[in-house]
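# Examining the three-dimensional arrangement
So you can see what is in the structure, the chains are spelled out below.
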Amino acid sequence: MNKKSKIAVLTATIILCLAVITESVFMMYGWGTFVKIVCYAIPAVGIAFSITVFVLDKQPLLKSCFILMVCAFVIISSFALLSVFARLNEYPTDEQKITRVTEIIKSTGSWGMLVYVLIQVLQVVILPLPAVVCYVPGSIIWGAPVATLLASVGVLTGSVIAYFIGRLFGKKVVVWIAGSETVEKYTAYIGSKGKVIFLLMQILPFFPDDILCMVAGLASMNFAYFITVMVVVRPAIIALYCFLGNGSLIPFSGWGIPVWIAIFAVCIVLAVLSLKYHDRVEKWLVSRFSKKNKEEESKED
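My aim in this report is to walk through the structure given alongside it, one point at a time. Just so it is clear, the model here is predicted, and its values are computed rather than measured.

## Remarks on the overall build of the chain
The number of helices and strands found in the chain is 13 helices and zero strands. Ordered by position from N to C terminus, the α and β elements of the chain give α-α-α-α-α-α-α-α-α-α-α-α-α. Counting only residues that meet the buried cut, the chain has 37% of its 301 residues in that class. Excluding contacts between residues fewer than 6 apart, the proportion of contacts in the chain whose partners are at least 24 apart in sequence is 73%. A total of about 16500 Å² of accessible surface is found on the chain, and carbon and sulfur atoms cover 70% of it.

So, in structure tokens, the structure goes:
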């Protein structure tokens, strides 16, 4: 991506962020403090993050930020339009507004569930959406157990598709999707001796799950091991998001508001630290377990 293209992507990202802020001001005025903070914080972080990665010349992160802002724009725009045309702003509390939204979605029956599953598939294969955006709405609409089941089906399906994209279509396709530098790096990490590293990368939050699935196929990782890791790890993480995010453990009102603000702030700090120290963590992880593998091999000899 040349300089003009990077400037174009940055400009488009900032425009999307400003559009989200504008529609939040004029169309989401009836919502409570927590929702307003989220609507303003997401584009604010998007602007700061996109400018940062632009200056640091992190092209894949700039692309990802643009895609995320497109998704944020679509989601918040949908709520903004619902607020106007479904007259959500007439309901006095956020709880009543969300209840009305869930009623609208539930009225679609199994089609709504199918769309939810397809979103999970797409977020693994194509769209690098945050877990909160993918899992939490389902837990609010259908409850945490059902959302966990539906999301797990979608994520596991998407993971298998991503694996076979790498396995069947090869390096050129994966490089086109993820970039040559990223593919080379993770291929080296999870080669023939990287099973433990692959498992840890699936558990830790700052590694690209979708790309790792493709690289696992590209690196010819045993499919039985791959799907075992997915089945064990992904549903557990999804369940954590669903049971936390539906408001039953931490409510979206009263004492829950400052707690959620604190959680959101911690997530931002972790995202910044991840951006700054991501390479160091990766290198430590790889060196630590590569050393362990060498020691085990020497003992066997």
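This is not the end of the story, as more comes after the structure.
## As for the packing of helix 7 (residues 144-169) against helix 12 (residues 223-245)
Between helix 7 and helix 12, the shortest axis-to-axis distance is 9 Å and the interhelical angle comes to 145 degrees. As for the relative orientation of helix 7 and helix 12, their crossing is right-handed in sense. On the side of helix 7, the interface is formed by Ala144, Pro145, Ala147, Thr148, Ala151, Ser152, Val155, Leu156, Ser159, Val160, Tyr163 and Phe164, while helix 12 contributes Phe223, Phe226, Ile227, Met230, Val231, Arg234, Pro235, Ile238, Ala239, Cys242 and Phe243. Looking at side-chain class alone, the contact of helix 7 with helix 12 contains 19 nonpolar, three polar and one charged residues.

## Comments concerning the environment of Leu118
Inspection of the secondary structure puts Leu118 in helix 5 (residues 110-125). Assessed through its relative accessible area of 45%, Leu118 is described here as partly exposed. Sequence separation of Leu118 and Val155 is 37 residues, and the distance between their C-alpha atoms is 9.0 Å.

## Brief notes about the nonpolar core
Counting residues in each nonpolar core, the largest one holds 42 residues, and the members touching the most others are Tyr135, Tyr186, Ile190, Phe198, Met201 and Phe226. The set of elements that each furnish at least two residues to this core consists of helix 5, helix 6 (131-142), helix 7, helix 8 (171-178), helix 9 (180-189), helix 10 (195-203), helix 11 (209-218) and helix 12. Of the residues forming this core, the biggest block, nine residues, is contributed by helix 7. Among the nonpolar cores identified, the runner-up in size contains nine residues, and Val20, Trp31, Val35 and Val101 belong to it.

## Some words on the pattern of salt bridges
Going through the model one piece at a time under the given rule, you end up with three salt bridges. Between Lys6 and Asp57 there is a salt bridge, and its shortest N-O distance comes to 2.7 Å. Here Lys6 is found in helix 1 (residues 3-27), whereas its partner Asp57 is found in the loop between helix 2 (33-55) and helix 3 (59-85), with 51 residues between them in sequence. Taking the relative accessible area as the measure of exposure, Asp57 reaches 42% and is therefore partly exposed.

## So, helix 10
Along an α-helix, a turn takes 3.6 residues, which lines up residues three or four apart on a common side. Buried residues of helix 10: Ile197, Phe198, Met201 and Gln202, and no others. Taken end-on, helix 10 shows its buried residues confined to a sector of 135 degrees, consistent with a single buried face.

## What to know about the side chain of Asp210
Within the fold, Asp210 resides in helix 11. Setting aside its immediate chain neighbours within four residues, Asp210 contacts Val124 and Ala162.

## A few points about helix 7
In a regular helix each residue adds 1.5 Å, so 26 residues correspond to 38 Å; helix 7 covers 36 Å between its end C-alpha atoms and thus fits that length. Two residues or fewer past helix 7, Gly170 is found with a positive phi of approximately 85 degrees.

## Remarks on the environment of Glu23
Looking at where Glu23 falls in the secondary structure, it is placed in helix 1. The sequence separation of Glu23 and Phe73 amounts to 50 residues, and the corresponding C-alpha distance is 9.4 Å. If we ignore the near neighbours within four places in the chain, the residues touching Glu23 are Met28, Phe73, Ile76 and Ser77. Among the polar contacts listed, one links the side chain of Glu23 to the side chain of Ser77, at a separation of 2.9 Å.

## Observations regarding the side chain of Thr148
Here Thr148 shows up in helix 7. Under the relative-accessibility criterion, Thr148 is labelled buried at 12%.

## Some points on the environment of Ala80
Secondary-structure assignment places Ala80 in helix 3. Residue classification places Ala80 among the buried positions, given a relative accessible area of 1%. Distance in space between the C-alpha atoms of Ala80 and Tyr29 is 9.4 Å, their sequence separation being 51 residues. Not counting the four nearest positions on each side in its chain, Ala80 is found in contact with Met27 and Met28.

## Topic: the packing of aromatic side chains
On inspection of all chains with the given rule, the structure shows eight aromatic pairs. Note on Tyr163 and Phe164: the rings are 5.1 Å apart at their centroids and 85 degrees apart in plane angle, and the pair reads as edge-to-face. Exposure remark for Tyr163: the relative accessible area of 0% places this residue in the buried category.

## Let's talk about the packing of helix 1 against helix 3
To characterise two packed helices, one gives the angle between the axes of the helices and the distance between these axes. At their nearest, the axes of helix 1 and helix 3 sit 9 Å apart, and the two run at 20 degrees to each other. Taken together, helix 1 and helix 3 sit at an angle that is classed as roughly parallel. Along this stretch, helix 1 crosses helix 3, giving a crossing that reads as left-handed. Among the residues making up the contact of helix 1 with helix 3, the classes are represented as 18 nonpolar, five polar and two charged.

Calculation rules
Residues numbered from 1 in each chain as written. Predicted model: local features only at pLDDT ≥ 70, side-chain atom pairs only at ≥ 80, totals over all residues. Heavy atoms only, no water. Helix = DSSP H or I, 4+ residues; strand = E, 2+ residues; numbered from the N terminus. Buried < 20%, exposed > 50% of the residue type's maximum accessible area, 1.4 Å probe, protein only. Contact = heavy atoms within 4.5 Å. Areas by Shrake-Rupley, 256 points an atom, 1.4 Å probe, with all protein chains shown as cover. Axes fitted to C-alpha atoms, helices over the stretch in contact; angles between N-to-C directions. Left-handed = near helix turned anticlockwise from the far one by under 90°. Nonpolar A, V, L, I, M, F, W, Y, C, P; charged D, E, K, R; others polar. Core = buried A, V, L, I, M, F, W, Y, C linked by side-chain atoms within 4.5 Å. Salt bridge = Lys/Arg side-chain N within 4 Å of Asp/Glu carboxyl O. Arc of directions from axis to C-beta. Expected span 1.5 Å × (residues − 1). Polar contact = N/O pair within 3.5 Å; in protein donor to acceptor, adjacent residues only side chain to side chain. Phe/Tyr/Trp six-rings, centres within 6.5 Å; stacked < 30°, edge-to-face > 60°. Parallel < 35°, antiparallel > 145°, perpendicular 65-115°, else oblique.

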